[in-house]
Amino acid sequence: MSYTIGFQAKDQKAILATEAATANQAVAIIAALRQSADEIKFIRSPQEGEMGIEMLLLLAKEEAEEMPQRG
């Protein structure tokens, strides 16, 4: 499932967007954006629509449980 993360960079007026192929990648992008003081404006997926960070974390957890274990 793909995700679009909309964010506003510090000292910028435009809202930018980036894509992530998985929920886990989206969580990593959001963590990086938060460290650089960017503000998350939206998280969206074609299947789920708009969602909050809590929902994304839940989807990432479910995604990790569905992936085959390596080791």
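Going by the structure above, here's the rest.
These remarks concern the structure in this document. Computed from a prediction, not measured in an experiment: that's the story for all the values here.

About the cut-offs
- Residues numbered from 1 in each chain as written.
- Predicted model: local features only at pLDDT ≥ 70, side-chain atom pairs only at ≥ 80, totals over all residues.
- Heavy atoms only, no water.
- Salt bridge = Lys/Arg side-chain N within 4 Å of Asp/Glu carboxyl O.
- Buried < 20%, exposed > 50% of the residue type's maximum accessible area, 1.4 Å probe, protein only.
- Helix = DSSP H or I, 4+ residues; strand = E, 2+ residues; numbered from the N terminus.
- Contact = heavy atoms within 4.5 Å.
- Patch = residues over 30% accessible without salt bridge, like charges linked within 9 Å, V, L, I, M, F, W, Y side chains within 5 Å.
- Areas by Shrake-Rupley, 256 points an atom, 1.4 Å probe, with all protein chains shown as cover.
- Lys, Arg positive; Asp, Glu negative; His and termini not counted.
- Charge placed at Lys NZ, Arg CZ, Asp CG, Glu CD.
- Core = buried A, V, L, I, M, F, W, Y, C linked by side-chain atoms within 4.5 Å.
- Expected span 1.5 Å × (residues − 1).
- Pairing = 2+ DSSP bridges.
- Axes fitted to C-alpha atoms, helices over the stretch in contact; angles between N-to-C directions.
- Arc of directions from axis to C-beta.

**What about the pattern of salt bridges?**
Thinking step 1. For the coordinates displayed, the defined rule picks out two salt bridges.
Thinking step 2. Of the charged contacts, one joins Glu 39 and Lys 41 as a salt bridge, the two residues approaching to 3.3 Å between their closest N and O atoms.
Thinking step 3. Relative accessible area serves as the criterion here: at 45%, Glu 39 is assigned to the partly exposed category.
Thinking step 4. Between Arg 44 and Glu 50 there is a salt bridge, and its shortest N-O distance comes to 2.5 Å.

**Things to note about the environment of Phe 42**
Thinking step 1. Residue position: Phe 42 is located in strand 3 (residues 39-45).
Thinking step 2. Expressed as a C-alpha distance, the spacing of Phe 42 and Thr 22, which sit 20 residues apart in the sequence, is 16 Å.
Thinking step 3. Phe 42 has contacts with Thr 4, Ile 5, Gly 6, Ile 15, Ala 17 and Glu 50, leaving out every residue within four places of it along the chain.

**Looking at a negative patch on the surface**
Thinking step 1. A cluster of acidic residues, Glu 48, Glu 62, Glu 65 and Glu 66, forms a negative patch at the surface.
Thinking step 2. Of note, Glu 65 is situated in helix 2 (residues 53-66).

**Remarks on the nonpolar core**
The tendency in soluble globular proteins is for nonpolar side chains to be buried as a group.
Thinking step 1. Tyr 3 and Leu 56 are the most contacted members of the largest nonpolar core, which has 14 residues in total.
Thinking step 2. Those elements that provide at least two residues to this core are strand 1 (3-8), helix 1 (23-35) and helix 2.
Thinking step 3. Among residues more than four places away in sequence, those in contact with Tyr 3 are Thr 18, Glu 19, Ala 20, Thr 22, Ala 23, Ala 26, Arg 44, Ser 45, Met 51, Leu 56 and Leu 59.

**Considering helix 1**
Owing to its 3.6 residues per turn, the α-helix aligns residues three or four sequence positions apart on the same side.
Thinking step 1. For helix 1, with 13 residues, the first-to-last C-alpha span of 19 Å sits near the 18 Å given by 1.5 Å per residue.
Thinking step 2. Of the surrounding elements, those touching the buried residues of helix 1 are strand 1, strand 2 (15-20), strand 3 and helix 2.

**Quick word on the sheet that holds strand 3**
Thinking step 1. In space, the four strands of this open sheet follow the order 2-1-3-4, with antiparallel pairing throughout. Each edge of the open sheet carries a strand with a single partner, namely strand 2 and strand 4 (49-51). The mean inter-strand angle of the sheet, taken between neighbouring strand axes irrespective of direction, is 30°.
Thinking step 2. Where helix 1 meets the sheet, it contacts strand 1, strand 2 and strand 3, and its direction lies at approximately 10° from that of strand 1.
Thinking step 3. On the sheet, helix 2 packs against strand 1, strand 3 and strand 4 and is oriented at approximately 105° with respect to strand 4.

**What about helix 2?**
Thinking step 1. With 14 residues, helix 2 extends 20 Å from end C-alpha to end C-alpha; this agrees with the ideal 20 Å at 1.5 Å per step.
Thinking step 2. Among the residues making up helix 2, those that are buried are Ile 53, Leu 56, Leu 59, Ala 60 and Glu 63. The arc that holds every buried residue of helix 2, seen down its axis, measures 115°, which confines them to one face. Set apart from the buried face of helix 2 by more than 90 degrees, the exposed residues are Glu 54, Lys 61 and Glu 65.
Thinking step 3. Looking at the packing, one finds that the buried side of helix 2 touches strand 1, helix 1, strand 3 and strand 4.

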